[in-house]
Amino acid sequence: MKTTFLASFALAAAFVAGCSKSETASAPAASATPAPAATAPAAGSGPQVVNIQANDTMKYDVTRIEATPGQDLKVVLTNVGSMPKTAMAHNWVLLKAGSDPLAFSTAAAAATTTNYIPAALQDQIIAHIDLLGPKESGEVAFKAPSAPGEYPFLCTFPAHFLIGMKGVLVVK
C-alpha cells in the first residue's frame, strides 16, 4: 500500500513539474533601478514580443522598448492588479514621435465614452491596447516606425500618466 501511494505521489509530482512553465519570469522586485529594456530578438525569429505588466500602483514593469526601424513588434499587456476595472483599468497607447504625452493624457481624462482615447487626437496614435480590468490581457501587433527616434507610450486612464505610468519605444 505504501509503495503504491509513494509511486502515485511521485508520478503526480513529476506530472505537475512537467506541466509548469520553465520559461516564466518572476515578478520584478521593487527597486530604485530602472526597469530593463525589452530588446530585439535574433533575425528571422518572428516579431519581438514585449510582455508588460501593469499593476495597482500605476506602473508598467517595462518602461523602455528598443527596436530597429520597421521591425515587427507585438506588445502584450497584462493587468496583474486586483482593483476593479472602474477604479483601476490600464491600457497601453503608443504615440508618434514629437507628440506631447501630457497633453494627450489630459485630453484622454475627459474621453470617458471612448475608453480614454481622445477622438480628436487619434492621428497621434501608432498602436494601442484597450482598457483592461484585473487579471485581463490584451495585445497589439505593429511595425516599429521607420524613422529612428523616441516614441512615448502611456496609460491614459485618468491620472495614471501623471503618477508615472509611461515609457518609451526607442527606434535605432
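In short, a report on the structure. Worth saying up front: this structure is predicted, and the values here are computed from it rather than measured. (Residues numbered from 1 in each chain as written. Predicted model: local features only at pLDDT ≥ 70, side-chain atom pairs only at ≥ 80, totals over all residues. Heavy atoms only, no water.)

### Structural notes on the overall build of the protein chain
Line of reasoning, step 1. In terms of helices and strands, the protein chain carries 4 helices and 8 strands.
Line of reasoning, step 2. Secondary structure of the protein chain in N-to-C order comes out as α-β-β-β-α-β-α-β-β-β-α-β.
Line of reasoning, step 3. Every one of the 172 residues in the protein chain was classed for burial, and the buried ones make up 36%.
Line of reasoning, step 4. By sequence separation, contacts in the protein chain at least 24 residues apart represent 73% of the contacts at least 6 residues apart.
Line of reasoning, step 5. Counting only carbon and sulfur atoms, one obtains 62% of the accessible surface of the protein chain, whose full area is about 9,800 Å². (Helix = DSSP H or I, 4+ residues; strand = E, 2+ residues; numbered from the N terminus. Buried < 20%, exposed > 50% of the residue type's maximum accessible area, 1.4 Å probe, protein only. Contact = heavy atoms within 4.5 Å. Areas by Shrake-Rupley, 256 points an atom, 1.4 Å probe, with all protein chains shown as cover.)

### Some points on the environment of Ala111
Line of reasoning, step 1. Looking at the element boundaries, Ala111 is found in the loop between helix 3 (101-109) and strand 5 (125-132).
Line of reasoning, step 2. Considered as a pair, Ala111 and Phe157 are 46 residues apart in the sequence and their alpha carbons are 9.5 Å apart.
Line of reasoning, step 3. Every residue in contact with Ala111, bar those within four places of it in the chain, is listed here: Tyr116, Ile117 and Pro118.

### Here's the deal with the packing of aromatic side chains
Line of reasoning, step 1. Overall, the coordinates contain 4 aromatic pairs when judged by the stated rule.
Line of reasoning, step 2. Arranged with centres 5.2 Å apart and planes meeting at 70°, the rings of Tyr116 and Phe157 form a pair that is edge-to-face. Of the two residues, Tyr116 is situated in the loop between helix 3 and strand 5 and Phe157 in the loop between strand 7 (149-154) and helix 4 (160-163); the sequence distance between them amounts to 41 residues.
Line of reasoning, step 3. One aromatic cluster is present, formed by Tyr60, Trp92, Phe142 and Phe153 through successive ring pairs.
Line of reasoning, step 4. Sitting over the face of the ring of Phe161, Lys166 holds its NZ or CZ atom 5.0 Å from the ring centroid. (Phe/Tyr/Trp six-rings, centres within 6.5 Å; stacked < 30°, edge-to-face > 60°. Lys NZ or Arg CZ within 6 Å of the ring centre and 35° of its normal.)

### Things to note about the pattern of salt bridges
Line of reasoning, step 1. As enumerated under the stated definition, the model contains 4 salt bridges in all.
Line of reasoning, step 2. Close ionic contact of Lys172 with Glu66 constitutes a salt bridge, the shortest N to O distance being 3.9 Å. With Lys172 in the segment after strand 8 (166-171) and Glu66 in strand 2 (residues 64-67), this pair connects stretches of sequence that are 106 residues apart.
Line of reasoning, step 3. Using a relative accessible area of 57% as the deciding quantity, one classes Lys172 as exposed.
Line of reasoning, step 4. A salt bridge links Lys143 to Asp72; the nearest nitrogen and oxygen atoms lie 2.7 Å apart. Placement of Lys143 in strand 6 (residues 137-143) and of Asp72 in strand 3 (residues 72-79) is noted, with a sequence separation of 71 residues between them.
Line of reasoning, step 5. A residue is classified by how much of its surface remains accessible, and Asp72, at 36% relative accessible area, is partly exposed.
Line of reasoning, step 6. Among the ionic contacts, a cluster of salt bridges with common partners joins Arg64, Glu66 and Lys172. (Salt bridge = Lys/Arg side-chain N within 4 Å of Asp/Glu carboxyl O.)

### So, the sheet that holds strand 4 (residues 90-95)
Within a sheet, each strand pairs with its neighbour through backbone hydrogen bonds, oriented either parallel or antiparallel.
Line of reasoning, step 1. Sheet architecture is open: 5 strands sit in the order 2-8-7-4-5, paired in mixed fashion. Two strands in the sheet have a free side with no partner beyond their single neighbour: strand 2 and strand 5. For this sheet the average axis-to-axis angle between neighbouring strands, irrespective of direction, equals 15°. (Pairing = 2+ DSSP bridges. Axes fitted to C-alpha atoms, helices over the stretch in contact; angles between N-to-C directions.)

### Concerning the pairing of strand 3
Line of reasoning, step 1. As defined by bridge partners, strand 1 (residues 48-54) adjoins strand 3 across 7 bridges and the pair is classed as parallel. Across the sheet, Val50 pairs through a bridge with Val75, a residue of strand 3.

### Quick word on the sheet that holds strand 1
Line of reasoning, step 1. Strand order in the open sheet made by the 3 strands is 1-3-6, with mixed pairing throughout. A strand with exactly one partner marks an edge of an open sheet, and here the two such strands are strand 1 and strand 6. Strand after strand, the sheet turns through a mean of 20° between neighbouring axes, direction not considered.
Line of reasoning, step 2. In terms of strand pairing, strand 3 meets strand 6 through 7 bridges, oriented antiparallel.

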